[in-house]
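# Secondary and tertiary structure notes
Next come the chains, spelled out residue by residue.
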Number of protein chains: 2
Amino acid sequence: MTFGKYIREHREALKAEDRRFSVRQVAQRIGVEPAYLSKIERGDVAPPSEAKIRALANELNEDVDVLLAMAGKVSSDLQEIIRKRPQLFADLIRQLKSMPDHAILRIARDVRDGDW
Amino acid sequence: MTFGKYIREHREALKAEDRRFSVRQVAQRIGVEPAYLSKIERGDVAPPSEAKIRALANELNEDVDVLLAMAGKVSSDLQEIIRKRPQLFADLIRQLKSMPDHAILRIARDVRDGDW
DNA sequence: TGTCATGTGTACTATATAGTATACATTACG
DNA sequence: CGTAATGTATACTATATAGTACACATGACA
C-alpha cells in the first residue's frame, strides 16, 4: 500500500459519512492546493513534507508515525532523540531489528512501568 | 563542537603522524574535491551526504553514528528499521528519551544476551 | 632556488524537494 | 435546469542539497 492510496482510501471513507472530506476541503484545511493533494493521492508526486503529513494525520485521525513511515520518513522528534545519544540508540535499535514485536512492546511497557 | 571543526581536529591529529592526511589526499580518498572538504571543515558549507560521511568516518576511524549525528542526520539503516515498525519503535524511543544512559545500555545488553 | 604540494577563494551546476496557480470537464442537487 | 462544487491536467516556481572546476597565494624541502 502506497502513501497516496492509503490517504485516498481513508479520506474517501470519511467522505462517505461527511461531505467535508472532499479533496478540496481537506486540502484547504491542511493548507495545500487541491490539485496538489489530488496528485499526492494518485501517486503522481512524492508524499508531502512532514508538516503536511502531520496535518493530514490529524485531519484523518491516523497515526502520524505510520503515515510518515509510508512516506519514507521518520518523525523529526525521534531523529532528534537519537542524535542526542547516537551510539546508545544506534546500538539498541540495531539489536532490536531482529526481535519480535512482543519483545519490543514488552520493553516499552517495562520502561514505562519503571520495572528495573 | 561543529561537524567541520571536529573533522578538522581529528584529521589534523592524524596528519601530525602521517602526511597522507592532508586535505587534498583525504578528499581524494573519500571522493570529493579538496576545495569542498576544506569548506566543510571550515563550516563554509553544510556537512556532506551520508555516503561521504561514511567514507570520512572510515578514513578517520570515527564512529559513523556520531559523525552523522553531528551532521544533523540519522543513519539510513536505522531509519529503515524504524519505518518497518513505526509504532513500536516510535513508542519505545519516546519512552527512552528521558531515561539515563545506563538504563538504555542495560536494555541493549539484556537484548543481546537474550535475558528475557 | 625552483618546484611541488598544500589550503582556499570564487564561480558555477545538476538534481531533488515541495510546492502554487489556473483552467477545464464532470457531477451533484436544490 | 442551472449553478455550484468536485477532481484533475498542465505549466510553472522557489529553495535546498550536494557537490565540481579552476585559479591562486603560501609553505616545505631537496
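Residues numbered from 1 in each chain as written. Chains lettered and ligands numbered in written order. Predicted model: local features only at pLDDT ≥ 70, side-chain atom pairs only at ≥ 80, totals over all residues. Heavy atoms only, no water.

## Overview of empty space enclosed by the protein
Counted under the stated rule, the structure contains two cavities of 30 Å³ or more. In this structure, the largest cavity spans a volume of roughly 50 Å³. Lining the largest cavity are A:Asp65, A:Leu68, A:Ala69, A:Lys73, A:Val74, A:Ser75, A:Leu78, B:Ile82, B:Arg83, B:Pro86 and B:Ala90. When contributions to the lining of the largest cavity are tallied by element, the ones reaching two or more residues are helix H5 (64–70) of chain A together with helix H6 (76–84) and helix H7 (86–96) of chain B. Looking at the lining of the largest cavity element by element, the count peaks at three residues for H5(A). Grouping the constituent residues of the lining of the largest cavity by class yields seven nonpolar, one polar and three charged. Of the pockets and cavities examined, the second largest cavity occupies roughly 40 Å³. Around the second largest cavity, the lining residues are A:Ile82, A:Arg83, A:Pro86, B:Asp65, B:Leu68, B:Ala69, B:Lys73, B:Val74, B:Ser75 and B:Leu78. (1 Å grid on protein atoms, 1.4 Å probe; cavity = no way out; pocket = protein on both sides within 12 Å on 5 of 7 lines; lining within 4 Å. Points joined across faces, edges and corners; volume = space filled by probe spheres on them. Helix = DSSP H or I, 4+ residues; strand = E, 2+ residues; numbered from the N terminus. Nonpolar A, V, L, I, M, F, W, Y, C, P; charged D, E, K, R; others polar.)

## Examining the environment of B:Leu14
Examined against the element boundaries, B:Leu14 turns out to sit in helix H1 (residues 3–17). Setting aside chain neighbours within four positions, we find B:Leu14 in contact with B:Phe21, B:Glu59 and B:Leu60. (Contact = heavy atoms within 4.5 Å.)

## Things to note about the protein's contact with DNA strand C
Residues in contact with DNA strand C amount to 22 residues; listed here are only the nearest, A:Ser49, B:Val23, B:Arg24, B:Ser38 and B:Arg42. Of all atoms in DNA strand C that approach within 4 Å of the protein, 58% are sugar or phosphate atoms. With respect to DNA strand C, the backbone of A:Glu33 contributes an N or O atom lying 3.1 Å from a phosphate oxygen. B:Ser22 has a polar side-chain atom sitting 3.3 Å from a phosphate oxygen of DNA strand C. Secondary structure elements with two or more residues in the surface near DNA strand C: helix H3 (34–41) of chain A together with H1, helix H2 (23–30) and helix H3 (34–41) of chain B. The dominant element in the surface near DNA strand C, judged by the number of residues it contributes, is H3(B), at four residues. Residue composition of the surface near DNA strand C, grouped by class: seven nonpolar, five polar and ten charged. (Near = heavy atom within 4 Å. Polar contact = N/O pair within 3.5 Å; in protein donor to acceptor, adjacent residues only side chain to side chain.)

## Topic: the interface of chain B and chain A
At the junction of the two partners, chain B supplies 37 residues and chain A supplies 37 residues. Between chain B and chain A lies a buried interface of about 3900 Å² when both sides are counted; carbon and sulfur atoms form 72% of it. Along the contact surface separating chain B from chain A lie six salt bridges. For A:Arg85, the salt bridge is made with B:Asp101, and the minimal N-O distance between the two is 2.6 Å. The tally of links from chain B across to chain A stands at 16 residue pairs in polar contact (both at pLDDT 80 or more). Secondary-structure elements contributing two or more residues to the side of chain B that touches chain A are helix H5 (64–70), H6, H7 and helix H8 (101–113) of chain B. In terms of residues, the side of chain B that touches chain A owes the most to one element, H7(B), which gives ten residues. Considered class by class, the residues forming the side of chain B that touches chain A number 21 nonpolar, five polar and eleven charged. (Buried area = accessible area lost by both parts, 1.4 Å probe. Salt bridge = Lys/Arg side-chain N within 4 Å of Asp/Glu carboxyl O.)

No statement about biological role is implied by the geometric values presented.
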